[in-house]
Amino acid sequence: MKRIIKKVAVLGSGVMGSRIACHFAGIDIPVILLDIVPKDIDKDAPATARNKIVNDALKATLKSNPSPVYTKDVAQKITTGNFEDNMKDIAGCDWIIEVVIERLDIKKIVFDQVEKFRTPGTLITTNTSGIPIHLMTEGRSDDFKKHFCGTHFFNPPRYLRLLEIIPTPDTDNAVVDFLMHYGDLYLGKTTVLCKDTPAFIANRIGVFSMMTIMHVKEKLQLSIDEIDTLTGPLIGRPKSATFRTADVVGIDTLVKVAKGVAENCPDDEAKDQFIIPAWLDKMVANNWLGDKTGQGFYKKTKDDKGKKTILSLDLTTLEYGPRQKASFASLTAAKPIDDLAQRLKLLMAGQDKAGEFYRLFHFHLFAYISHRIPEISDEIFRVDDAMKAGFGWEIGAFESWDALDLTQTTAAMKAAGFAVAPWVNEMLAAGHSSFYKSEAGVRYCYDVASKSYKPLPGGEAFIVMRNYADKIIWKNNSCLLYNLGDEVLGLQWHTKMGSIGGDVLSGIQTAIEKAEQSYKGLVLANEGINFSAGANVGMIFMLAIEQEYDELDMAIRLFQNTMMRVRYSSVPVVTAPHGLALGGACELSLHSDKCCPAAETYTGLVELGVGLIPGGGGTKEFTLRASDEIHKDEPETIPLKNRFFTIATAKVATSALEGFENGIYRKGLDEVVMNQDRRISEAKKSVIEMYDSGYIMPVQRKDVKVLGQSALGALYSGIHAMKSANYATEHDALVAKKLAYVMCGGALSEQSFVSEQYLLNLEREAFLSLCGEKKTLERLQSVLQTGKPIRN
């Protein structure tokens, strides 16, 4: 049966329920969100009173930060109600998701009601994070059992990409296959098939990891600040590292999961790692549960001068004190190394306390995951997928073991008294020296059951460029150009934050040249955390501070010419951004034939944040689009003012869908990809479709309508008003006037039609003039010192 999801019911409007509802609404699925009626409310009371709990919960969710929705209008797709009056409405829903309190007795009461109204054949799933799934089906009908499954979303659902799918023995295989596919394609999730074991996969491994770190911390007498320095981005983990993550998740939640594993997994060889340290029990007793109670491992406060400060907890004295900067020789040596695998090797080899910590922690982790196969999963890759998507690990646990050299690390573990599962020894004895390998663009993973390598599922839907290492046709110091097959090239670069400098611009030009010679087209994408934070600010600052204006002029020309080469090539060029796509990266998207951004793409022309205007064609392109948006039924200045305001306020779209609202992406042409792992594949498909449909190189525009002095005067007046009201500084006003001058066509006295090159020349001249401003140089220097990308 072909299954289509037209409407979803979410039962329970707490933190998870409301956010799950928002996520479905974000992909244009109407949602019914239900919860209990407040106590002592009469049956004849108005709906506003009977729905107070659900309405208050949804309202609080929509106000939360980070936002649970892609665009503000999402709430219109959510209809609220209560279990007593509106449970009947689930009859019209294709998928019912239970998200009530984590008590089996209460869940069973809810399912009793669901059975009365649910339409046979529709999906019914639970978002439980710990209750055995099979216990919930006791006493249920055969049709209920057949269509019932665990669907464990991670909080917040919009940002954490993991969706664990946990079937029961009675779940129809077709239902499992549908949920795995739907979660991936439509919800943008990494769907991981789990066995119905305590804590499933991600929480089982993640909580083991955190508890092990706490025990190793005690053994080596390390502080909270030292641990969070050791277990953050340096080893490919989130900035929240260990103890900050515990504060965010809730220390009581961490303890609950740890105790649950210890109680329900009596045969776990490492169950002692789940024993709660005395100081952790004391914190729970004190109600120091993290962010939800205002203090946990960290505490926000104010100093004597009223300045906000963060204190960390001394677990020996249980007293808060100033945070202490961690200092280890091995960390100092590792920080300059960009490649994570090489950095891990250096850290593991460290001869200081940090090196000892890394060895102990990783040996515990690797031994543990080896023994969880096949208990929690038959496949190795599912464990890694769960940790990357659920806990934000840059590489999975088995991938880390590979990166550190599986053979050598296993030998070191045995020498240190750590026992790996027998299948690992068998695998090594058979001559297999890694869990993963890549051949001709296909990634394979070792399969324990068959004792052989099998390709990862997904195939062409999930293109990973680094798997094409044997298909590199050109490279320079920053770029790699791959043959992605089907006569399509793919270019990626590996600069810090994906910054775009001379090497990258040269790479783009070379890639287009080679594509024009022998291929159908080109995909531009990166596989790091972000697509690109923009142009190389360091280069701009150095040239400006040394007043090398001729070289700066050449650099800006190169950027502009490269963007125009992207727009005007004889083959289609498609970008596939994700994460940050700011400044110059936004300009690259603006000039592509098509853009396939991941839903979680944060993009905008942010140059005014450092006292510049977009100088790589962004100002020109926004002026061109404003010209195309002029309609006879509204004043001609409206599109120009809107475009001007977007740049002048350095407005950043907080999702790809918002990128359409901000005029970055083009409706009917650019295409949002919900699952960022699919974006390169979708971009490749777009290249092929455009080429096979008879792609013709566009002609440079000479018909861009600019509005001249009258529009410029209006914009100047608005800028003056902003400055007079103290919404803009003197320097802000100067930069805004430069921007207005370019977008109105310069010194033209009346409306005129101009060429793209005319606007590029104005743009470049304005950019160069601002590079000599003291305030601009100060802002550029600040960006370089903080290492943070330009934002609004």
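None of the values given here were measured: they were computed from a predicted structure. (Residues numbered from 1 in each chain as written. Predicted model: local features only at pLDDT ≥ 70, side-chain atom pairs only at ≥ 80, totals over all residues. Heavy atoms only, no water.)

J.: Please give an account of the overall build of the protein that cites residues and values.
T.: Helix and strand counts for the protein stand at 31 helices and 24 strands. For 792 residues, the compact-globule estimate of 2.2 N^0.38 gives 28 Å, and the C-alpha radius of gyration of the protein, at 28 Å, lies within 12% of that figure. Seen through its principal axes, the protein has C-alpha atoms that stretch 80 × 75 × 65 Å. Counting only residues that meet the buried cut, the protein has 55% of its 792 residues in that class. Long-range pairs, those at least 24 residues apart, make up 70% of the contacts in the protein between residues at least 6 apart in sequence. In the protein, which carries 92 positive and 98 negative side-chain charges, the distance between the mean positions of the two groups comes to 3 Å. (Helix = DSSP H or I, 4+ residues; strand = E, 2+ residues; numbered from the N terminus. Rg over C-alpha atoms; globule rule 2.2 N^0.38 Å. Buried < 20%, exposed > 50% of the residue type's maximum accessible area, 1.4 Å probe, protein only. Contact = heavy atoms within 4.5 Å. Lys, Arg positive; Asp, Glu negative; His and termini not counted. Charge placed at Lys NZ, Arg CZ, Asp CG, Glu CD.)

J.: Quick one: what's the story with the pairing of strand E10 (residues 308-314), residue by residue and with numbers?
T.: Relative to E10, strand E9 (residues 298-302) is paired through five bridges, and the arrangement is antiparallel. Across the sheet, the residue bridging to Lys300 is Ile310, located in E10. Once E9 ends, the chain turns through five residues before running back antiparallel as E10, passing Gly306 with a positive phi of about 85°. In this sheet, strand E11 (residues 319-322) lies alongside E10 in antiparallel orientation, the contact comprising four bridges. In the strand pairing of E11, Asp314 is matched with Glu319. Once E10 ends, the chain turns through four residues before running back antiparallel as E11, passing Leu318 with a positive phi of about 55°. (Pairing = 2+ DSSP bridges.)

J.: For the sheet that holds strand E13 (residues 442-447), give the residues involved together with the corresponding values.
T.: The strand order E12-E13-E14 describes an open sheet built from three strands, whose pairing is antiparallel. The open sheet has two free edges, formed respectively by strand E12 (436-439) and strand E14 (452-455), since each of these has just one partner strand. On average, each strand axis in the sheet is inclined to that of its neighbour by 35°, with strand direction left out of account. (Axes fitted to C-alpha atoms, helices over the stretch in contact; angles between N-to-C directions.)

J.: Pulling in residues and values, what's your account of a negative patch on the surface?
T.: Taken together, the side chains of Glu546, Glu548, Asp550 and Glu551 present a region of like negative charge at the surface. When you line up the elements, Glu548 lands in the loop between helix H21 (537-545) and helix H22 (549-567). (Patch = residues over 30% accessible without salt bridge, like charges linked within 9 Å, V, L, I, M, F, W, Y side chains within 5 Å. Areas by Shrake-Rupley, 256 points an atom, 1.4 Å probe, with all protein chains shown as cover. Salt bridge = Lys/Arg side-chain N within 4 Å of Asp/Glu carboxyl O.)

J.: Quick one: what's the story with the packing of helix H18 (residues 406-415) against helix H19 (residues 422-429), residue by residue and with numbers?
T.: Between H18 and H19, whose axes approach to 11 Å, the crossing angle comes to 135°. Comparing the axis directions of H18 and H19 gives the class oblique. Relative to H19, H18 is oriented so that their crossing is left-handed. Contacts from Leu406, Thr407, Thr410 and Lys414 of H18 reach H19 at Val424, Asn425, Met427 and Leu428. Here the residues of the contact of H18 with H19 are counted per class, giving four nonpolar, three polar and one charged. (Parallel < 35°, antiparallel > 145°, perpendicular 65-115°, else oblique. Left-handed = near helix turned anticlockwise from the far one by under 90°. Nonpolar A, V, L, I, M, F, W, Y, C, P; charged D, E, K, R; others polar.)

J.: Can you lay out the sheet that holds strand E7 (residues 162-167) for me, pointing to particular residues and giving the numbers?
T.: An order of E3-E2-E1-E4-E5-E6-E7-E8 is seen for the eight strands of this open sheet, with the pairing classed as mixed. Of all the strands in the sheet, just strand E3 (78-82) and strand E8 (190-193) have a single pairing partner and so form its edges. Across the sheet, the mean angle separating the axes of adjacent strands is 25° when strand polarity is ignored. Pairing between strand E2 (residues 31-35) and E3: five bridges, direction parallel. Among the inter-strand pairings, Asp35 is bridged to a residue of E3, identified as Asn82. Seen against the sheet, helix H1 (residues 15-26) touches strand E1 (8-11), E2, E3, strand E4 (95-98) and strand E6 (148-153) and runs at an angle of roughly 170° to E2.

J.: Outline the pattern of salt bridges, listing residues and values.
T.: Inspection of the entire model under this criterion finds 52 salt bridges. Where Asp184 meets Arg678, a salt bridge forms, and the shortest distance between an N and an O atom there is 2.6 Å. With Asp184 in helix H7 (residues 173-185) and Arg678 in the loop between helix H26 (656-661) and helix H27 (679-692), this pair connects stretches of sequence that are 494 residues apart. Neither residue differs from the other here; Asp184 and Arg678 are each classed as buried. Notably, a salt bridge pairs Lys451 with Glu426, separated by 3.7 Å at the nearest N-O pair. Residue Lys451 is located in the loop between E13 and E14, and its partner Glu426 is located in helix H19; the two are separated by 25 residues in the primary sequence. Salt bridges here are not isolated pairs; linked through shared partners, they connect Arg204, Asp268, Glu269, Arg372 and Glu375.

J.: Would you mind going over helix H28 (residues 708-724) in detail, with residue names and values included?
T.: Here H28 is 17 residues long and its end C-alpha atoms lie 24 Å apart, about the 24 Å a rise of 1.5 Å per residue gives. Among the residues making up H28, those that are buried are Gly708, Ala711, Leu712, Leu715 and Ile719. Down the axis of H28, the buried set is contained in an arc of 100°. They therefore lie on one face. Within H28, the exposed residues directed more than 90 degrees away from the buried face are Ser710 and His720. Its buried side turned inward, H28 meets helix H25 (637-648), strand E23 (704-706) and helix H29 (730-743). Backbone geometry just after H28 places Asn726 at a positive phi near 65°. (Expected span 1.5 Å × (residues − 1). Arc of directions from axis to C-beta.)

J.: Explain the side chain of Arg204 to me, and be specific about the residues and the numbers.
T.: Structurally, Arg204 can be placed in helix H8 (residues 202-220). Accessibility expressed as a relative area gives 0% for Arg204, which makes it buried. Within the local environment of Arg204, its side chain forms a polar contact with the side chain of Asp268, the two groups lying 3.0 Å apart. At 2.9 Å, the side chain of Arg204 and the side chain of Tyr368 are in polar contact. Non-local contacts of Arg204, meaning those with residues more than four positions away in its chain, are made with Pro198, Ala199, Val261, Cys265, Asp268, Phe274, Tyr368, Arg372, Glu375 and Ile376. (Polar contact = N/O pair within 3.5 Å; in protein donor to acceptor, adjacent residues only side chain to side chain.)

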